Amino acid sequence: MNSSTHSRIVSFIWGIADDVLRDLYVRGKYRDVILPFTVLRRLDSVLEPTKKSVLTMKSALDNSGIDNQDAALRQAAEQDFYNTSPFTLRDLRAARSQAQLRADFEAYLDGFSPNVQEILDNFEFRNQISRLTKADALGALIEKFLDPTLDLSPRTAANPGGLDNHGMGSVFEELVRRFNEENNEEAGEHWTPRDAVRLMTRLMFEPIADQIPSGTYLLYDGAMGTGGMLTVAEETLEGLTAARGIQVSTHLYGQEINAETYAIAKADLILKGKGKAADDVVGGPEWSTLSNDAYPSMEFDFMLSNPPYGKSWKTDLDRMGGKTGIRDPRFIVTHDDDPEYSLLTRSSDGQLLFLANLVSKMKHKTPLGSRIAEVHNGSSLFTGDAGQGESNIRRWIIENDWLEAIVALPLNMFYNTGIATYVWVLTNRKPVHRKGKVQLIDASGWSTPCARTSARRIASCPRRTSTAYSRRSSPSKTPTAPTTPRSSTTLILATSRSSSRGHCGSPVPTPGGSTQLPRSASLRNLRSGTSPPHRSLRSSTVWGPVRTRCSADSRRW
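Residues numbered from 1 in each chain as written. Predicted model: local features only at pLDDT ≥ 70, side-chain atom pairs only at ≥ 80, totals over all residues. Heavy atoms only, no water.

## Considering the overall build of the chain
Consideration 1: When its secondary structure is counted, the chain shows 18 helices and 16 strands.
Consideration 2: Intrachain contacts of the chain at a sequence separation of at least 6 include 75% that bridge at least 24 residues. (Helix = DSSP H or I, 4+ residues; strand = E, 2+ residues; numbered from the N terminus. Contact = heavy atoms within 4.5 Å.)

## Remarks on the nonpolar core
Consideration 1: Counting residues in each nonpolar core, the largest one holds 104 residues, and the members touching the most others are Phe-105 and Leu-141.
Consideration 2: Ranked by residue count, the leading element in this core is helix H2 (residues 31-47), at nine residues.
Consideration 3: When neighbours within four sequence positions are excluded, Leu-141 is seen to be in contact with Ile-16, Val-20, Leu-21, Val-33, Ile-34, Phe-37 and Leu-132.
Consideration 4: Judged by nonpolar contacts, the second largest core, of 43 residues, contains Tyr-220, Met-320, Ala-408 and Val-438. (Core = buried A, V, L, I, M, F, W, Y, C linked by side-chain atoms within 4.5 Å. Buried < 20%, exposed > 50% of the residue type's maximum accessible area, 1.4 Å probe, protein only.)

## Quick word on the pattern of salt bridges
Opposite charge on two side chains permits pairing when their charged atoms draw close.
Consideration 1: What the rule picks out here adds up to 35 salt bridges.
Consideration 2: A salt bridge links Asp-121 to Arg-126; the shortest N-O distance between them is 3.1 Å.
Consideration 3: Asp-401 serves as the salt-bridge partner of Lys-430, at 2.6 Å between the closest nitrogen and oxygen. In this pair, Lys-430 sits in the loop between strand E9 (421-427) and strand E10 (437-442) while Asp-401 sits in the loop between helix H17 (389-399) and strand E8 (403-408), placing the two residues 29 residues apart along the sequence. A single burial state applies to Lys-430 and to Asp-401, both of which are buried.
Consideration 4: Connected through salt bridges with shared partners, the residues Asp-70, Arg-74, Asp-80 and Asp-279 form a single ionic network. (Salt bridge = Lys/Arg side-chain N within 4 Å of Asp/Glu carboxyl O.)

## Quick look at the packing of aromatic side chains
Consideration 1: If you walk through the whole model with that rule in mind, you get 15 aromatic pairs.
Consideration 2: For the ring pair Phe-37 and Phe-145, a centre distance of 5.2 Å and an interplane angle of 20 degrees mean the geometry is stacked. Placement of the pair is Phe-37 in helix H2 and Phe-145 in helix H8 (residues 138-145), with a sequence separation of 108 residues.
Consideration 3: Ring geometry for Tyr-253 and Tyr-295: centres 5.5 Å apart, planes at 80 degrees, overall edge-to-face. Linking Tyr-253 in strand E2 (residues 248-256) with Tyr-295 in the loop between strand E3 (282-283) and strand E4 (302-305), this pair joins segments that are 42 residues apart in sequence. Pair check on accessibility: Tyr-253 and Tyr-295 agree, each one buried.
Consideration 4: Here the aromatic residues Phe-37, Phe-105, Tyr-108, Phe-112, Phe-125 and Phe-145 are joined through ring pairs into a cluster of three or more.
Consideration 5: Arg-178 extends its terminal NZ or CZ atom over the ring of Trp-14, reaching a point 5.7 Å from the ring centre. (Phe/Tyr/Trp six-rings, centres within 6.5 Å; stacked < 30°, edge-to-face > 60°. Lys NZ or Arg CZ within 6 Å of the ring centre and 35° of its normal.)

## Section: the side chain of Asn-428
Consideration 1: Looking at where Asn-428 falls in the secondary structure, it is placed in the loop between E9 and E10.
Consideration 2: For Asn-428, a relative accessible area of 11% translates into the label buried.
Consideration 3: There is a polar contact of 2.8 Å between the side chain of Asn-428 and the backbone nitrogen of Ser-370.
Consideration 4: For Asn-428, the residues in contact, after removing those within four places along its chain, are Met-362, Lys-363, His-364, Leu-368, Gly-369, Ser-370 and Trp-402. (Polar contact = N/O pair within 3.5 Å; in protein donor to acceptor, adjacent residues only side chain to side chain.)

## Some remarks on helix H15 (residues 351-360)
Consideration 1: The buried count for H15 comes to nine of ten residues, which makes it a mostly enclosed element.
Consideration 2: Turning to H15, its buried residues number three or more, namely Gln-351, Leu-352, Leu-353, Phe-354, Leu-355, Ala-356, Asn-357, Leu-358 and Val-359.
Consideration 3: Among the structural elements, strand E1 (215-221), E4, strand E7 (371-377), helix H16 (379-382), H17 and E9 are those in contact with the buried residues of H15.

## What to know about the pairing of E8
Consideration 1: A large share of E8 lies buried, amounting to six of its six residues.
Consideration 2: Relative to E9, E8 is paired through five bridges, and the arrangement is antiparallel. Counterpart to Ala-405 in the pairing with E9 is Val-425.
Consideration 3: The pairing of E8 with E10 spans four bridges and is classified as parallel. Directly across from Ile-406, in E10, lies its bridge partner Leu-440. (Pairing = 2+ DSSP bridges.)

## A short note on the packing of helix H5 (residues 98-110) against helix H7 (residues 126-134)
Consideration 1: It is the contact of H5 with H7, at a shortest axis distance of 11 Å, that shows an interaxial angle of 165 degrees. Judged by the angle between their axes, H5 and H7 are roughly antiparallel. Where H5 crosses over H7, the handedness of that crossing is right-handed. Every residue of H7 that contacts H5 at Gln-98, Arg-102, Phe-105, Glu-106, Leu-109 and Asp-110 is listed here: Arg-126, Ile-129, Ser-130 and Thr-133. (Axes fitted to C-alpha atoms, helices over the stretch in contact; angles between N-to-C directions. Parallel < 35°, antiparallel > 145°, perpendicular 65-115°, else oblique. Left-handed = near helix turned anticlockwise from the far one by under 90°.)

## Quick word on the confidence of the model for the chain
Consideration 1: Summary statistics for the chain give a mean pLDDT of 81 and a share of 78% for residues scoring 70 or more.
Consideration 2: Here residues 185-190 scores under 50 on pLDDT; set against residues more than four positions off or in separate chains, the count is ten contacts.
Consideration 3: Taken as a whole, residues 460-487 scores under 50 in pLDDT and shows 55 contacts with residues more than four places along the chain or in a different chain. (pLDDT = per-residue confidence, 0-100.)

Pasting the structure below:
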């Protein structure tokens, strides 16, 4: 699908909202109707060629008294979803009254397969039917979505002008983005910009792209949102391996507590022809990642996430039995000869627990192990006193030498907020030249403003070197070719204790102008004085081996 067709379809659907819903809903609520209607129109178009086969199969199964009909009906529909009602959207136009239209439309919705029913339920779409019917808007919406100008039918040999699954997914994602921008203006909400997601996937895959063999790989996002990270990660992995002649298959797993965003994620996967992946993701208010892990016994090859920042997890804490009652092996681990080493953070901010959740699902018995990319705000670098959960999580990760790099993203990357954000890159299979080291990369000035929003876009990445992530700076007001190379900061960590003593967290000067960092120093001590977190990442200091030992009660990471 070319860009003009994409823009035309998105603009047409966006125009339906203004034409039909303007006086019925506030702009921030258009999505409650338009997104599920877009899903319905696409599914209706996809199912139309096999509608008779599905109805015939449904009748045969009913007559035979077979209760478990899902697999047979999917086979008859030749899709991972189906509709057993006697109606299509076109048939609904024959209704002679608003009451009949409502009854027929509800019967049409009830005929969809359970996976589509879950999407509709989480959209709470049936709650909109009464309002639409009273305003005489339901029929108008159906007519608009059946307009010949809006062709959402699938591309086939007989219909070469139709939309393939990827094109339909792109249309849906653009609608989601636009509606998110509308809501940002009203509620200050934000989603993960695609530039940040693409950077995260490159940081996760590119360092080992030449080592990935053919096979099956599991991808996981513990704070899935609308599912964009999973689908972009899958596309990136498939693109990198295909360029090297490697054949891979992927399975996507995700968990999301917000019902509406979960509905969007599941719908997006179905619209992209990934029905199996849509069956593997879970969501809704009962599926909080922290208190109700959907995949307790699974391990994954690649994981990425953008967890909520500064959000209380006290409800989850209470559900899990309180801090003294929690026995979840994701958050109570064995470390440093302590069989009950607690990773439980303050109840006011649980973002680092999402990272601990990912680490707990690492593969330890495969050649590639696992790789993780997760976005955090600055508080994850320094909050928590010695012995508290935040400090313990950093210490646990660093002493196990899982932290590969931290990348400072540009400010204003996220819509309607200017907070400093950082990508943490973890692996349990560090190459030899990276063992005992953490690379700190400042990409805070490496961006250009987007034309239509206050967010910023990451400039194009230069080619990665074979030994480290490479980064170049560019003029602040233009995305032109990079100029002067700027080296990143490398923190060299000692993994064994030393007998010498010093003040906890105080860098120790050494000959040659370099600085040695005590092993107990927190990441906060990487900063200079009280300067912002970004400042430390702009330096080119190489931190030397650890020369200090601190008592157990004063260690702080």
